[in-house]
Amino acid sequence: MNCKLIGIGGAGRNHLNTIIESGYDATNTVYMDTDTNSLFASKSKEFVQLGKSIFKGLGTGGHPHGGLIAAQFTEGEILETIKGYDVLVLCAGLGGGVGTGATPYIVSLIERYTEAKA
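Note that the structure is a prediction, hence the values are computed from the model and not measured.

## Some points on the pattern of salt bridges
A side chain of one charge can pair with a side chain of the opposite charge when the charged atoms of the two come close.
So, point 1. According to the stated counting rule, one finds three salt bridges in the structure shown.
So, point 2. Among the salt bridges present, the one from Glu46 reaches Lys4, with a minimum N-O distance of 2.7 Å. Note that Glu46 is positioned in the loop between α2 (36-40) and β3 (47-49) and Lys4 in strand β1 (residues 3-8), a separation of 42 residues in sequence.
So, point 3. With relative accessibility at 27%, the residue Glu46 sits in the partly exposed group.
So, point 4. Among the ionic pairs, Glu80 bridges to Lys83, the shortest N-O distance being 2.9 Å.
So, point 5. For Lys83, a relative accessible area of 41% corresponds to the partly exposed category.

Set out below in C-alpha cells:
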C-alpha cells in the first residue's frame, strides 16, 4: 500500500515534523501552507506553497477564508501531489487560518479525484 502524509498549515507541519522525527520516511510526506517561513521549517521532502500569487509567501493572518482561497488557487498542484497514492492521511489543526480553510477543500479535491479515477 502506497501511503502519503499531508500536513496542512502550522499545526499540520508540527504533526509531520514529529512523525518524521520518530522515524517515518520523509519522502512520503508533503507540507502545504501559504507561509514561506513555515515551509522552510518543515522536515518534509515535498512542499506545496498554497496561494503563492495571492499571499506572496505570508500567512493568512488566522483567517480560514484565506486558507480556502489559497487552496482553490493551487488546485492543480495539490492534485499532482496526491496522484498515485492508495492512502492519504491529512494532518491539520482547525483553530483558524490555513488548516481550517484549506483542509475541507483539499478533502473535496481528493474525493473528486478518487471518483474520477474509479
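Right, picking up where we left off after that structure.
## Examining the environment of Gln49
So, point 1. Structurally, Gln49 can be placed in strand β3.
So, point 2. Other than its neighbours up to four places away in sequence, Gln49 contacts Asp33, Thr34, Thr36, Leu39, Gly57, Thr74 and Glu77.
So, point 3. Within the local environment of Gln49, its side chain forms a polar contact with the backbone oxygen of Thr34, the two atoms lying 3.4 Å apart.
So, point 4. Separated by 3.1 Å, the side chains of Gln49 and Thr36 make a polar contact.

## Let's talk about the nonpolar core
So, point 1. Core analysis: the largest hydrophobic core is formed by 18 residues, its most contacted members being Met32, Leu50, Ile78, Ala102 and Ile106.
So, point 2. Elements with a minimum of two residues in this core: β1, β2 (29-33), α4 (64-72), α5 (75-82) and α6 (98-117).
So, point 3. When near neighbours in sequence (up to four residues on either side) are disregarded, Ala102 contacts Ile8, Leu50, Gly67, Leu68 and Ala71.

## Structural notes on the sheet that holds β2
So, point 1. Strand order in the open sheet formed by four strands is β3-β2-β1-β4, with parallel pairing between adjacent strands. With partners counted over all chains shown, the strands left at the sheet margins are β3 and β4 (87-92), one partner each. Each adjacent strand pair in this sheet contributes to an overall mean axis angle of 20°, direction not counted.
So, point 2. With six bridges joining them, β1 and β4 adopt parallel strand pairing. From the neighbouring strand, Ile6 faces β4, where its bridge partner is Leu90.
So, point 3. Packed on one face of the sheet, α5 meets β1, β2, β3 and β4 and runs near 170° to β3.
So, point 4. In this fold α6 packs onto β1, β2 and β4, with an angle of close to 165° to the strand it touches most, β4.

What counts and what doesn't
Residues numbered from 1 in each chain as written. Predicted model: local features only at pLDDT ≥ 70, side-chain atom pairs only at ≥ 80, totals over all residues. Heavy atoms only, no water. Salt bridge = Lys/Arg side-chain N within 4 Å of Asp/Glu carboxyl O. Helix = DSSP H or I, 4+ residues; strand = E, 2+ residues; numbered from the N terminus. Buried < 20%, exposed > 50% of the residue type's maximum accessible area, 1.4 Å probe, protein only. Contact = heavy atoms within 4.5 Å. Polar contact = N/O pair within 3.5 Å; in protein donor to acceptor, adjacent residues only side chain to side chain. Core = buried A, V, L, I, M, F, W, Y, C linked by side-chain atoms within 4.5 Å. Pairing = 2+ DSSP bridges. Axes fitted to C-alpha atoms, helices over the stretch in contact; angles between N-to-C directions.

Any link to function would need more than the numbers given here.
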